[in-house]
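Structural overview for review
One-letter residues, chain by chain:
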Amino acid sequence: MSDRSRSAVNMRASSRVYPQISGTGGCNSYFGEYEYRDAILSISSLGMTEMYCVEPAGVSEQETVYLTTLSLSQLASVADGRLTLTGIGGATLVFDPAG
């Protein structure tokens, strides 16, 4: 997988009512808000840039699956430095720390 097709998430708290979430889905950048309380995650106001990417092959399909799974995530946990987001039906995203 090329660096361009890697998905990433950044979640940061701020002085705003809802902390911010942002990252890349493999082609486009995304942004929105999240609320996390008692291991329950709620992502809202998710938006993204609208670039057209055809390489590497399958990046657009990968991004669609990733962003759908991200937007439906309901549980968040951290173990061994890895963030795991779990959504409806058990769909899971696992993130390694940046570095």
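Keep in mind the model is a prediction, meaning the values are calculated, not measured.

A short note on the layout of surface pockets
Taken as a whole, the largest pocket encloses approximately 310 Å³ of empty space. Where the lining of the largest pocket is concerned, the elements lending two or more residues are β1 (8–12) and β6 (82–87). Broken down by element, the residue count for the lining of the largest pocket peaks at 4 residues, all from β1. Taken together, the residues of the lining of the largest pocket break down into 7 nonpolar, 3 polar and 2 charged.

Side note on the pattern of salt bridges
In this structure the tally under the stated criterion is 2 salt bridges. Arg37 is paired through a salt bridge with Glu35; the nearest N and O atoms lie 2.7 Å apart. Residue classification places Arg37 among the exposed positions, given a relative accessible area of 55%. The class of Glu35 is partly exposed, set by a relative accessible area of 26%. Between Arg82 and Asp96 there is a salt bridge, and its shortest N-O distance comes to 2.7 Å. Of this pair, Arg82 sits in strand β6 while Asp96 sits in the segment after β7 (92–95), and the two are 14 residues apart along the sequence. With relative accessibility at 39%, the residue Arg82 sits in the partly exposed group.

Focus on the packing of aromatic side chains
By the definition in use, this model includes 2 aromatic pairs. Ring centres 5.9 Å apart and planes at 55° place the aromatic pair Tyr30 and Tyr66 in the tilted group. Note that Tyr30 is positioned in strand β3 (residues 29–37) and Tyr66 in helix α1 (residues 59–71), a separation of 36 residues in sequence. Judged by relative accessible area, Tyr30 falls into the buried class, the value being 2%. Residue classification places Tyr66 among the buried residues on the basis of a relative accessible area of 6%. Ring geometry for Tyr66 and Phe95: centres 6.2 Å apart, planes at 80°, overall edge-to-face. Highlighted residues: Tyr66 in helix α1 and Phe95 in strand β7, separated in sequence by 29 residues. Across the pair, Phe95 and Tyr66 agree in class, each one buried. Counting every residue linked through ring pairs, the aromatic cluster contains Tyr30, Tyr66 and Phe95.

Cut-off values and rules
- Residues numbered from 1 in each chain as written.
- Predicted model: local features only at pLDDT ≥ 70, side-chain atom pairs only at ≥ 80, totals over all residues.
- Heavy atoms only, no water.
- 1 Å grid on protein atoms, 1.4 Å probe; cavity = no way out; pocket = protein on both sides within 12 Å on 5 of 7 lines; lining within 4 Å.
- Points joined across faces, edges and corners; volume = space filled by probe spheres on them.
- Helix = DSSP H or I, 4+ residues; strand = E, 2+ residues; numbered from the N terminus.
- Nonpolar A, V, L, I, M, F, W, Y, C, P; charged D, E, K, R; others polar.
- Salt bridge = Lys/Arg side-chain N within 4 Å of Asp/Glu carboxyl O.
- Buried < 20%, exposed > 50% of the residue type's maximum accessible area, 1.4 Å probe, protein only.
- Phe/Tyr/Trp six-rings, centres within 6.5 Å; stacked < 30°, edge-to-face > 60°.

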